[in-house]
Amino acid sequence: MNKIMLFAQLKEDAGKSAIETKAAGKTVGELRDFLEKETPLGNLDGIMIAVNEEFVKDDWIIGEKDVIALIPPVSGG
């Protein structure tokens with residue numbers, strides 16, 4: 001199982017700070033598609049995804065013990 005950490009609005013949408021799912025062997029893009037369809041997170045376009053504290057692209061393959069973080073855009077002034 002992989003831990004997917006949620007922040008800001010995503011945390012509020014899910015009602016929790018993390019989700020656990022089996023993501024090993026999937027690409028980040030496949031995980032993004034899965035989360036959009038199977039969770040209340042909705043559209044994840046514009047969401048940055050980090051694996052083990054490094055931002056990655058959608059073709060990155062997730063490992064067995066990788067920790068994933070979904071980082072929404074930040075606004076402020």
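Just so it is clear, the structure is predicted and the values come from calculations on it, not from any experiment. (Residues numbered from 1 in each chain as written. Predicted model: local features only at pLDDT ≥ 70, side-chain atom pairs only at ≥ 80, totals over all residues. Heavy atoms only, no water.)

A. Layout of the sheet that holds strand β1 (residues 2–6). Across the sheet, which stays open at both edges, the five strands sit in the order β2-β1-β5-β3-β4 with mixed pairing between neighbours. Edge positions in the open sheet fall to β2 (18–21) and β4 (54–55), since each of these has one partner strand only. Here two bridges tie strand β3 (residues 48–51) to β4, and the two strands are oriented antiparallel to one another. When the bridges of β4 are listed, valine 51 appears paired with glutamate 54. This element, helix α2 (residues 28–38), spans β1, β2, β3 and β5 (67–71) of the sheet and lies at about 120° to β3. (Pairing = 2+ DSSP bridges. Helix = DSSP H or I, 4+ residues; strand = E, 2+ residues; numbered from the N terminus. Contact = heavy atoms within 4.5 Å. Axes fitted to C-alpha atoms, helices over the stretch in contact; angles between N-to-C directions.)

B. Representation of the nonpolar core. Ile4, Leu6, Leu10, Leu31, Leu41, Ile68 and Leu70 are the most contacted members of the largest nonpolar core, which totals 18 residues. Taken together, the elements giving at least two residues each to this core come down to β1, α1 (8–14), α2, β3 and β5. The biggest single contributor to this core is α2, with three residues. (Core = buried A, V, L, I, M, F, W, Y, C linked by side-chain atoms within 4.5 Å. Buried < 20%, exposed > 50% of the residue type's maximum accessible area, 1.4 Å probe, protein only.)

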